[in-house]
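Single-letter residue listing:
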Amino acid sequence: MSVKPTAPTVSATRTLTTPPTWAVLERDLFTALDSAWRVFTERYTEADGRLIFRDTLGVGLDGRDGVDDFYEPFFNWPTLHLLGGGQDVLDAAHRHWRAVTGQLAGMGMLHEGMERGYDWFHQGEGMLLFYGLCLARPDDAELRALATRFADFYLPGGPNYDPAYRVIRAPHNGSEGPRWGFSDEEAYFPWSLALRPYGLPLDWIDEAAPFDELAGSPDRARAYGRAMWDRMGRGDTLVNLASTSLAANAFLLTGDRRYADWVAEYAGAWRDRLTGSEVLPDNAGLTGVVGEYLDGRWYGGHYGWSWPHGLHSVGMAALVGAANALLVTGDPGYLDLARNPLDVTMRHGEQRTAAQMGTLGRRWRPHLAAMPADTTFMIPQRRDDTGWFDFTIMPNQLTVSLWQLTRDPADHDRVERLRALSAWDWTAVHTQRLKDEAGHDEPWWEYLAGRNPEFPERMLRSALATCAAKVAQIENDPVDPATGPDTFGIHHWQDHNPVLTEALLQLTTGSPQVLYNGGLAHMHVRYHDAETHQAGLPADVAALVSDIDPGHTVIEFANLGGTPRSVIIQAGTYAEHRLDTVSVDDQPAHPVEGRYLTVRLPAQTQVRVTLTMTRRADAPTYRRPWDDQ
């Protein structure tokens, strides 16, 4: 059944004599991914969909960790479906989510379907699969019930939030409320020698000592752990802003304003903590006072400016929270939360060599290895009593995603300043994949600016090569398929996930990769098959967004097949934008004035549509075009 058009319909008239290379590669990628996820499922999951795992979680000094690692291998599978990856991958993602949830509940890691209590740097990662399922299946009663239940744990009246002081009461929180401290075992630090590169969370307290001395002395480690528990194991921390995605998700599913109001209230509390300050603080005590347990310091909170990752966690949480507040309120003022960490660290940036790069530098090694100059601009990720330290390349997923949300000239100029300060090639596409499946923001930025015309083909070839490499890894994996990895190897699955969505998000929707530590999807445009009511591009259809300038959006469509296809363009992930006008190829523009536009593609045809739109003109919703019929 096709959708009866409630907005103008346009049609392609150009015959496709020679298919564009980008279009062929794009459809090849969809085909490769459809095969790859099946290889992953066959190798790593049981008949019921759970991951093959014979060890257990929930014991030892780090016994609260691990839930996210069981969901992360599937985090972008619903996104692949939403882009046009087919129904099977969504069905598989939903099946694996249900099975893994049962698997984790059996190990005592969940309560009422949700993590009992852990930090939101990790919980945000683990929730991406759930958010993707909710977006793809907004009419699923089970998902809707869970979404509201999860969000209610954080609203006033729930166990985690104190509305009097507008704080989430502990850094570790979840379905059982505040989970004080950092372990269910005796207070102790360091938990693991793997933390050595990051140093100490509180290097200024009396109980502090060099990392190796603490690691070698149980008595000193217990004393330091107790001090950490007291100073960092209670009160609010900035990464808790990622929990706003729970409430934003519930709002998008139900339209219940109390979820939107809480997002605005909690993000507003952090905005108020920034007001009058030079830097967005990372902590607040149980009475809402910044530095309440850190002798007045604005830095030092759990997953904050000092330890372990600094800007990587602070900037991500600030942008996730700000984006959610913008989405549910339409107020762009919340985005100052996201701008401040970027601008402050840029002010303290320096020209540095590759050898001077600090932690979290793995992503940038290929870029710097090919750099013709000796130095390039790096920003400090962290701050403690000695000042700013731990320099690395600016994570431009933050700067580019911020601009994609705002289209503000100041946010555009920030990225351009970083480009001018960089000595490495922003047009290069490096074939690499970390677990967040991101990191190609710079060459995409250059493409949108008209400075990297070969990007689509390079990016698609890179994605195809990465997918093939991941499949080969799976097929040659030495881990025993009957037992799976042990507790210390549970990152194994996410490292072997062969599904790739960054290239397709950038090229087909004009959007960056989803923010990995708990962000909701923010697509510039998305698509639906008008004939089948399936999400994403129809079979045989390729799309290329070549311009998302504030004044217009340019999309090229190609139908490579012998069957006519029809695709619905939706303005925004949540139909929150309004399409104002459309022009086809070089014809004059005519009005659309709605959320949707249908593009008819006869067999083997191509068309270029140029759209103008008013951003955030309508209330965001998970509803789909046919839900409005």
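Preceding this paragraph is the structure being described.
Residues numbered from 1 in each chain as written. Predicted model: local features only at pLDDT ≥ 70, side-chain atom pairs only at ≥ 80, totals over all residues. Heavy atoms only, no water.

In the structure shown here, the tally under the stated rule is 35 aromatic pairs. An aromatic cluster is present here, built from Phe121, Phe182, Phe189, Trp191, Phe211, Tyr224, Tyr303 and Trp307 joined pairwise through their rings. We note Arg234 situated over the ring of Tyr293; from NZ or CZ to the ring centre the distance is 3.8 Å. When the ring centre of Trp270 is taken as origin, the NZ or CZ atom of Arg273, which lies over that ring, is 4.5 Å away. (Phe/Tyr/Trp six-rings, centres within 6.5 Å; stacked < 30°, edge-to-face > 60°. Lys NZ or Arg CZ within 6 Å of the ring centre and 35° of its normal.)

The relative placement of two packed helices comes down to the angle between their axes together with the axis-to-axis distance. Here helix α17 (residues 455-475) crosses helix α19 (residues 502-509) at 155°, and the two axes come no closer than 9 Å. Taken together, the axes of α17 and α19 are roughly antiparallel relative to one another. Crossing handedness for the pair α17 and α19: left-handed. Taken together, the residues of α19 that come into contact with α17 (itself represented by Phe455, Pro456, Met459, Leu460 and Ala463) are Glu502, Ala503, Gln506 and Leu507. Among the residues forming the contact of α17 with α19, the class breakdown is 7 nonpolar, 1 polar and 1 charged. (Axes fitted to C-alpha atoms, helices over the stretch in contact; angles between N-to-C directions. Helix = DSSP H or I, 4+ residues; strand = E, 2+ residues; numbered from the N terminus. Parallel < 35°, antiparallel > 145°, perpendicular 65-115°, else oblique. Left-handed = near helix turned anticlockwise from the far one by under 90°. Contact = heavy atoms within 4.5 Å. Nonpolar A, V, L, I, M, F, W, Y, C, P; charged D, E, K, R; others polar.)

Pairing within the open sheet is mixed, and its 4 strands lie in the order β1-β18-β15-β12. A single partner strand is all that each edge strand has here, and the edge strands are β1 (9-11) and β12 (525-529). When strand polarity is set aside, the average angle formed by the axes of neighbouring strands in this sheet is 30°. Taken together, the 3 bridges between β1 and strand β18 (residues 596-601) define a ladder with parallel strand orientation. Its bridge partner lying in β18, Ser11 is registered against Arg600. (Pairing = 2+ DSSP bridges.)

In this section: the sheet that holds strand β11 (residues 387-392). On the basis of which strands lie adjacent, the open sheet formed by 3 strands has the order β9-β10-β11 and antiparallel pairing. Edge positions in the sheet fall to β9 (350-353) and β11, since each of these pairs with one other strand and no more. If you compare each strand with its neighbour and ignore which way they point, the axes differ by 60° on average. As paired elements, strand β10 (residues 375-384) and β11 share 5 bridges and run antiparallel to each other. Residue Pro380 lies in a different strand from β11, and its bridge partner there is Phe391.

On to empty space enclosed by the protein. Throughout the structure, instances matching the rule amount to 11 cavities of 30 Å³ or more. Taken as a whole, the largest cavity encloses approximately 150 Å³ of empty space. In terms of lining residues, the largest cavity is bounded by 15 residues, among which Thr79, Leu128, Gly132, Val514 and Ala521 are the most central. Mapped by element, the contributors of at least two residues to the lining of the largest cavity are α3 (77-85) and α5 (120-136). For the lining of the largest cavity, the element with the most residues is α5, which contributes 4 residues. For the lining of the largest cavity, the residue count by class is 10 nonpolar, 5 polar and no charged. (1 Å grid on protein atoms, 1.4 Å probe; cavity = no way out; pocket = protein on both sides within 12 Å on 5 of 7 lines; lining within 4 Å. Points joined across faces, edges and corners; volume = space filled by probe spheres on them.)

The next point concerns the nonpolar core. Grouped together as the largest cluster of nonpolar side chains are 173 residues, with contacts concentrated most on Phe70, Leu104, Phe130, Tyr527, Ile555, Phe557 and Ile569. Here Ile555 is in contact with Val525, Tyr527, Ala543, Leu544, Val545, Ile569, Val607, Arg608, Val609 and Leu611, once residues within four sequence places are set aside. In terms of nonpolar packing, the next biggest core, distinct from the first, is built from 16 residues, Tyr198, Leu200, Ala209 and Phe211 among them. (Core = buried A, V, L, I, M, F, W, Y, C linked by side-chain atoms within 4.5 Å. Buried < 20%, exposed > 50% of the residue type's maximum accessible area, 1.4 Å probe, protein only.)

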